[in-house]
Amino acid sequence: MGEEEGLHQTQFLDTMFVRGLKRKCFDGEEDIEGTLAGIKAIPSYNLQRQSLLDMSLVKLQLCHMLVEPNLCRSVLIANTVRQIQEEMTQDGTWQMINTQSTGQASLDRLVSTDILCRSSRDQAEGKHVPAYGTFNKDFESDQAQDSSETMSTAPSVQAPRNLQSNAWEMENPQENKGNFQKSLDQIFETLENKSPNSVEDLFSEVDNSYYDLDTMLTGMMSNTKMGHCDSLETFSTPTNTASNSNCKSDLNDLDHIVEILVES
Amino acid sequence: MGWKMRKQTGAGGGNDIQWCFSQVKGAVDDDVAEADIISTVEFNHSGELLATGDKGGRVVIFQQEQENKTQSHSRGEYNVYSTFQSHEPEFDYLKSLEIEEKINKIRWLPQKNAAQFLLSTNDKTIKLWKISERDKRPEGYNLKEEDGRYRDPTTVTTLRVPVFRPMDLMVEASPRRIFANAHTYHINSISINSDYETYLSADDLRINLWHLEITDRSFNIVDIKPANMEELTEVITAAEFHPNSCSTFVYSSSKGTIRLCDMRASALCDRHSKLFEEPEDPSNRSFFSEIISSISDVKFSHSGRYMMTRDYLSVKIWDLNMENRPVETYQVHEYLRSKLCSLYENDCIFDKFECCWNGSDSIVMTGSYNNFFRMFDRNSKRDITLEASRENNKPRTVLKPRKVCASGKRKKDEISVDSLDFNKKILHTAWHPKENIIAVATTNNLYIFQDKMN
């Protein structure tokens, strides 16, 4: 039955990416209803693009951790990430706050949180996903306080943590983009200059929970029957029950914050 | 080209090749040892020898038995001729990285004398191996006993001339040249020039030219490494020398382009003579367009007039005289186009499939998933999907064509896309240069099929 669900989800993941830039313009109520009703059914284009971005960044991280990264694969994934980033910059979703109506905005955030939840579990387990859009950064700074000791300090991909902790400020999209570009560049630099020091750095802060994620992902990769492509599912498998509950409580905090913000 | 081929051109129904199982090599059990994973397959120029390389750095060479005159309905079987450890795992101390011993490519040299020569390469080092037979040994030394111990000279009372006596055939492999320390990145291709004196080796960013006799020097002929690695967006994926023109070679890229270069133009062939690229189909554009356009293999036809490229979903035939589009395109598994996101997720989208020509350049073959492999007849425009599986392993059993159901109602005997096993991939295939004998490598087994002889 898990397989069925997984298959269901990936089918929709696949349909969204089948043809061209068939983007659903976020043009009002009908779309909200569409997404509300079928939150598990047909996710919005933006959400799909976001999850693809998540996936790609994890892949880049993972291949950076391997003994000898496959350069062709890294380049192709990095190009995909750049492509998404460019598109997101063009259509303005790279921006901090959704400037559309509040109802839509909160839905947007709710939906994104789902993805973030998985990302934050990654972080709790020692995987580090850089902030690159909406309020990922904010979530990160929350998590940073909770699980700083389990954060991997892979120097190759730095989160823009040097940005202001008050994540709700309107962020300069250029800056975001710049930091992100820097992250990509750092990946390639480190790929290029694999000095013993940097390798030590890479592994110095990695704790056991990283290997759990690694095993999970390896397991996912080797178990490649169609319909088992449930990486998102896999991420949500609680290898660390603490992080699970962390996420849930943070979710409530976030709701609270959102409520305050939108002044409801 | 020139020899007549039985049933080569499928001009009509009666001329279609019927493929039969012949042999399977490798372990039977499903538990695959990592070291046994086959990483390359190559026939030699006569087709008598078939070499495989594996992830454990070993090379296994099979030899075809001489045709049995009484058994006219089958060709000689391939049996193990020689096995040797070509490459060992190494450690790069400077970078603190392991260098895999996996054999990426094997290329045979044409036979010049009694011995056979082949080039084998892992990620960093290319080796020239000499495989020679010994079936006689000298006996009757004066100063040595038969077991090699030296005789006491005082016991020697007569002199005799040692003679050669037959012995059990022994096949020895010895490394004659080691071409090392010329590649910073992972070697993906080697190709022997038609002058039979030089060869090229290509890694992700550079291509080097070697002389077979000289190991301490190579010439860099292509370098696409950007000054700033941050600007890297494209890598070299495959390279090959033209079969007839010793100054011409091609290399393919991760962006789906092929560049043809002429070494007479300049020492560093950074400017291509020809650029082969098909314009993108805008209706099929997606985030995965670039990844699936990445070329995993490029092979010249035996005639040298065409070249074939393999990208993730298709095989394309290019006329060397036409750069702006391929002359033929064959869809290998178009039903996967709607599954690209899942295939990206599980990394299958990065699988590098190879492709090959038959001896007369009329049929091309490539692998797919679920242990399926595909053949495309360029003349009849017919294609067939076959499966390499132990279920069909009765000799002279004709293989049943397979069909994948993309969507909708699945007919009997069809297999649906979602039931395909993506762990079972056929990346390496080879076609005998003269006969209708093919070698197909699954993960750890080598299948040999031949056409039905009546």
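So, a few notes on the structure that sits alongside this text. The written sequence of each chain sets the order in which its residues are numbered from 1. Here the convention is simple: chains get letters from A, ligands get numbers from 1, in the order in which they are written. Local features in this predicted model are restricted to residues whose pLDDT is 70 or higher, and side-chain atom pairs enter the listing and the counts only when it is 80 or higher, whereas totals over whole chains, interfaces and linings include all residues. Side-chain metrics rest on all non-hydrogen atoms present in the structure, leaving aside hydrogens and water.

Quick look at the overall build of chain B
Right, so step 1: Counting its regular elements, chain B contains two helices and 32 strands.
Right, so step 2: Only C-alpha atoms enter the radius of gyration, while the globule expectation follows 2.2 Å times N to the 0.38, with N the number of residues. Relative to the 2.2 N^0.38 estimate, which gives 22 Å for 454 residues, the radius of gyration of chain B is 24 Å and therefore close to what a compact globule would have.
Right, so step 3: Its C-alpha atoms give chain B principal-axis dimensions of roughly 90 × 60 × 45 Å.
Right, so step 4: Buried, partly exposed and exposed residues are distinguished by accessible area as a fraction of the type maximum, computed with a 1.4 Å probe on protein chains only: under 20%, between the cut-offs, and over 50%, respectively. Out of the 454 residues belonging to chain B, those deemed buried represent 54%. Secondary structure follows DSSP: runs of H or I at least 4 residues long count as helices, runs of E at least 2 residues long count as strands, and numbering of each begins at the N terminus.

Quick look at the state of the cysteines
Residue and element names in this part refer to chain B.
Right, so step 1: In this description, the term disulfide denotes a pair of cysteine sulfurs within 2.5 Å. Inspection of the entire model under this criterion finds zero disulfides over all chains.
Right, so step 2: Here Cys 246 stays unpaired: no disulfide links it, and the sulfur of Cys 269, its closest cysteine neighbor, is 13 Å away.
Right, so step 3: Overall, Cys 246 belongs to the partly exposed group, its relative accessible area being 40%.

Details of the nonpolar core
Right, so step 1: In these notes, a set of buried Ala, Val, Leu, Ile, Met, Phe, Trp, Tyr and Cys residues joined through side-chain atoms within 4.5 Å is what counts as a nonpolar core. In this structure, Phe288(B), Tyr312(B), Leu336(B), Leu343(B), Tyr344(B), Ile349(B) and Leu420(B) are the most contacted members of the largest nonpolar core, which totals 44 residues.
Right, so step 2: For this core, the secondary structure elements donating two or more residues are α3 (45–65) and α4 (71–90) of chain A together with α1 (289–293) and α2 (340–345) of chain B.
Right, so step 3: For this core, the leading source of residues is α4(A), giving nine residues.
Right, so step 4: Two residues qualify as a contact provided that any one of their heavy atoms is within 4.5 Å of a heavy atom in the partner residue. Once you skip the residues sitting within four places of it in the chain, Leu343(B) turns out to touch Tyr312(B), Leu336(B), Cys348(B), Ile349(B) and Phe422(B).
Right, so step 5: Counting 17 residues, the second-largest nonpolar core is a separate cluster that includes Phe373(B), Met375(B), Ile438(B) and Val440(B).

Quick notes on the pattern of salt bridges
Right, so step 1: Between Lys or Arg on one side and Asp or Glu on the other, a salt bridge is scored when a side-chain nitrogen of the former is within 4 Å of a carboxyl oxygen of the latter. Overall, the coordinates contain 32 salt bridges over all chains when judged by the stated rule.
Right, so step 2: Between Asp91(A) and Arg49(A) there is a salt bridge, with its nearest N and O atoms 2.9 Å apart. One end of the pair, Asp91(A), is in the loop between α4 and α5 (102–124); the other, Arg49(A), is in helix α3, with 42 residues separating them in the sequence.
Right, so step 3: We classify Asp91(A) as partly exposed; its relative accessible area is 26%.
Right, so step 4: Here Glu278(B) makes a salt bridge to Lys316(B), at a shortest N to O gap of 2.8 Å.

As for the sheet that holds strand β4 (residues 58–64) of chain B
Residues and elements named next belong to chain B.
Right, so step 1: Strand pairing is defined by DSSP finding a minimum of two bridges between the two strands. Judged by pairing direction, the sheet is antiparallel, and its four strands sit side by side in the order β2-β3-β4-β5 without closing on themselves. In the strand order of this sheet, the two ends are held by β2 (38–43) and β5 (78–85), each with one partner. Looking at each pair of strands side by side, their axes are set apart by 20° on average, direction ignored.
Right, so step 2: Pairing of β2 with strand β3 (residues 49–54) involves five bridges; the strand directions are antiparallel. Here, axes are lines fitted to C-alpha atoms. For helices the fit covers the stretch in contact, and angles between N-to-C directions go from 0 to 180 degrees.

Considering α4(A)
Residues and elements named next belong to chain A.
Right, so step 1: One less than the residue count of a helix, multiplied by 1.5 Å, gives the span that helix is expected to have. Taking 1.5 Å per residue, 20 residues should reach 28 Å; α4 reaches 28 Å between its end C-alpha atoms and fits that length.
Right, so step 2: Here a polar contact is recorded for every N or O atom pair within 3.5 Å, except that within protein the pair must consist of a potential hydrogen donor and a potential acceptor, and residues adjacent in sequence are included only if both atoms are side-chain atoms. Sitting at the amino-terminal end of α4 is Asn 70, which places a side-chain oxygen 3.1 Å from the backbone nitrogen of Cys 72.
Right, so step 3: Phi turns positive one or two residues past the end of α4, at Gly 92, with a value near 80°.

Quick look at the packing of aromatic side chains
Right, so step 1: Aromatic pairing here means that ring centres of Phe, Tyr or Trp (its six-membered ring) are within 6.5 Å. Orientation follows from the plane angle: under 30 degrees is stacked, over 60 is edge-to-face, and everything else is tilted. This structure, assessed with the given rule, holds 21 aromatic pairs over all chains.
Right, so step 2: Taken together, a centroid distance of 6.1 Å and an interplanar angle of 75° make the contact between Phe241(B) and Phe249(B) edge-to-face. The pair formed by Phe241(B) and Phe249(B) is uniform in burial state, with each residue classed as buried.
Right, so step 3: Measuring from centroid to centroid gives 5.9 Å for Phe276(B) and Trp318(B), while their planes differ by 80°, and the two rings are edge-to-face. Of the two residues, Phe276(B) sits in strand β19 (residues 274–276) while Trp318(B) sits in strand β22 (residues 314–319), which places them 42 residues apart along the sequence. Taken as a pair, Phe276(B) and Trp318(B) share a single burial class, namely buried.
Right, so step 4: Pairwise contacts between aromatic rings join Phe21(B), Phe373(B), Tyr447(B) and Phe449(B) into one cluster.
Right, so step 5: Just above the ring of Tyr344(B) sits the side chain of Lys59(A); from NZ or CZ to the centre is 5.3 Å. In this scheme, Lys NZ or Arg CZ marks a charge over a ring once it lies within 6 Å of the ring centre and within 35 degrees of the ring normal.

As for the side chain of Asp297(B)
Residues and elements named next belong to chain B.
Right, so step 1: Relative to the helices and strands, Asp 297 resides in strand β20 (residues 297–300).
Right, so step 2: Its relative accessible area of 3% is what places Asp 297 among the buried residues.
Right, so step 3: Every residue in contact with Asp 297, bar those within four places of it in the chain, is listed here: Ala 238, Met 308, Thr 309, Arg 310, Phe 353, Glu 354 and Cys 355.

Considering the pairing of β20(B)
Right, so step 1: Every second residue of β20(B) is oriented toward a common face, with Asp297(B) and Lys299(B) on one face and Val298(B) and Phe300(B) on the other, all of them buried.
Right, so step 2: The hairpin formed by β20(B) and strand β21 (residues 306–310) of chain B contains five residues between the paired strands, and Gly304(B) there has a positive phi angle of roughly 90°.

Details of the environment of Leu340(B)
Right, so step 1: As for its position among the elements, Leu340(B) is in helix α2.
Right, so step 2: When the C-alpha atoms of Leu340(B) and Ser286(B) are compared, they prove to be 9.6 Å apart, with 54 residues separating the residues in sequence.

Notes on unusual backbone geometry
The general pattern is negative phi for most residues beyond glycine and trans for most peptide bonds.
All names here are of chain B.
Right, so step 1: The backbone of Asp 347 sits at a positive phi, close to 75°, despite the residue not being glycine.
Right, so step 2: Position of Asp 347 among the secondary structure elements: in the loop between α2 and β24 (355–357).
Right, so step 3: Relative accessible area serves as the criterion here: at 15%, Asp 347 is assigned to the buried category.
Right, so step 4: Although it is not a glycine, Lys 381 adopts a positive phi angle of roughly 65°.
Right, so step 5: You can see Lys 381 is positioned in the loop between β26 (372–377) and β27 (383–387).

Quick word on the sheet that holds β24(B)
Residue and element names in this part refer to chain B.
Right, so step 1: Ordered in space as β24-β25-β26-β27, the four strands form an open sheet in which the pairing is antiparallel. Edge positions in the sheet fall to β24 and β27, since each has one partner strand and no second. Shown here is a sheet whose adjacent strand axes are inclined to one another by a mean of 20°, direction ignored.
Right, so step 2: Bridging between strand β25 (residues 363–367) and β26 involves five bridges; their strand directions are antiparallel. If you follow Ile 363 over to β26, its bridge partner there is Asp 377.

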